[in-house]
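One-letter residues, chain by chain:
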Amino acid sequence: MSPLQIAKGKICNIAFDIPMDGEVHKVSAISKTHDCVCVGTAGFRTRLKFVKIDNSSRQAITELMRYGY
C-alpha cells in the first residue's frame, strides 16, 4: 500500500521489515511499478516487480512464503 499514486513503470527503491520467528528480516530492493489502484481511504494498492534484489532480501521473502502461520 502506498499513500500516494505511483505511475506505472516508475523505478523505486523499497525497504521493509519481515518479522518472523522473533527476528526482524530487512528487505531492500529496486522495483518497478506494475500498477497502482486507489482502494479508498486506505490508499493505493501498488503491485511491484523486483528489478534488483540482494540475496539476503530474496532469502527473507522466500522464507516468508514458506512460513506456516
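See the structure above.
Calculation criteria
- Residues numbered from 1 in each chain as written.
- Predicted model: local features only at pLDDT ≥ 70, side-chain atom pairs only at ≥ 80, totals over all residues.
- Heavy atoms only, no water.
- Helix = DSSP H or I, 4+ residues; strand = E, 2+ residues; numbered from the N terminus.
- Buried < 20%, exposed > 50% of the residue type's maximum accessible area, 1.4 Å probe, protein only.
- Polar contact = N/O pair within 3.5 Å; in protein donor to acceptor, adjacent residues only side chain to side chain.
- Contact = heavy atoms within 4.5 Å.
- Core = buried A, V, L, I, M, F, W, Y, C linked by side-chain atoms within 4.5 Å.
- Pairing = 2+ DSSP bridges.
- Axes fitted to C-alpha atoms, helices over the stretch in contact; angles between N-to-C directions.

**Regarding the side chain of Thr33**
Mapped onto the fold, Thr33 is located in strand β2 (residues 23–38). We classify Thr33 as buried; its relative accessible area is 3%. A polar contact of 2.5 Å, which involves the side chain of Thr33, links it to the backbone oxygen of Ala7. What Thr33 contacts, discounting residues up to four positions off in sequence, is Ile6, Ala7, Lys8, Gly9, Lys10, Cys12, Thr46, Arg47 and Leu48.

**Some details on the nonpolar core**
Core analysis: the biggest nonpolar cluster contains nine residues, these being Cys12, Ile14, Ile18, Met20, Val27, Ala29, Ile53, Ala60 and Ile61. Contributing elements (two or more residues each) for this core: β1 (11–20), β2 and α1 (55–66). In contact with Met20, other than residues within four places in its own chain, are His25, Ala60, Glu63, Leu64 and Tyr67.

**Things to note about unusual backbone geometry**
Residues apart from glycine generally show negative phi values, whereas peptide bonds are mostly found in trans. For Asp21, which is not a glycine, the phi torsion comes out positive at approximately 55 degrees. The topology assignment puts Asp21 in the loop between β1 and β2. Residue class for Asp21 comes out exposed when judged on its relative accessible area of 59%.

**Digging into the sheet that holds strand β3 (residues 44–53)**
Taking strand neighbours across the sheet as the criterion, the three strands line up as β1-β2-β3 in an open arrangement whose pairing is antiparallel. At either end of the open sheet lies a strand with only one pairing partner, and these are β1 and β3. On average, each strand axis in the sheet is inclined to that of its neighbour by 55 degrees, with strand direction left out of account. Across ten bridges, β1 lies against β2 in antiparallel orientation. Within β2, the position partnered with Ile11 by the bridge is Lys32.

**Some remarks on the pairing of β2**
Between β1 and β2, which pair antiparallel one after the other, the connecting turn spans two residues, and Asp21 there sits at a positive phi close to 55 degrees. As judged from the nine bridges shared by β2 and β3, these two strands associate in the antiparallel manner. Bridge assignment links Cys36 to a residue of β3, and that residue is Thr46. Hairpin geometry of β2 and β3 is characterised by an intervening segment of five residues between the two adjacent antiparallel strands and by a positive phi of about 80 degrees at Gly40.

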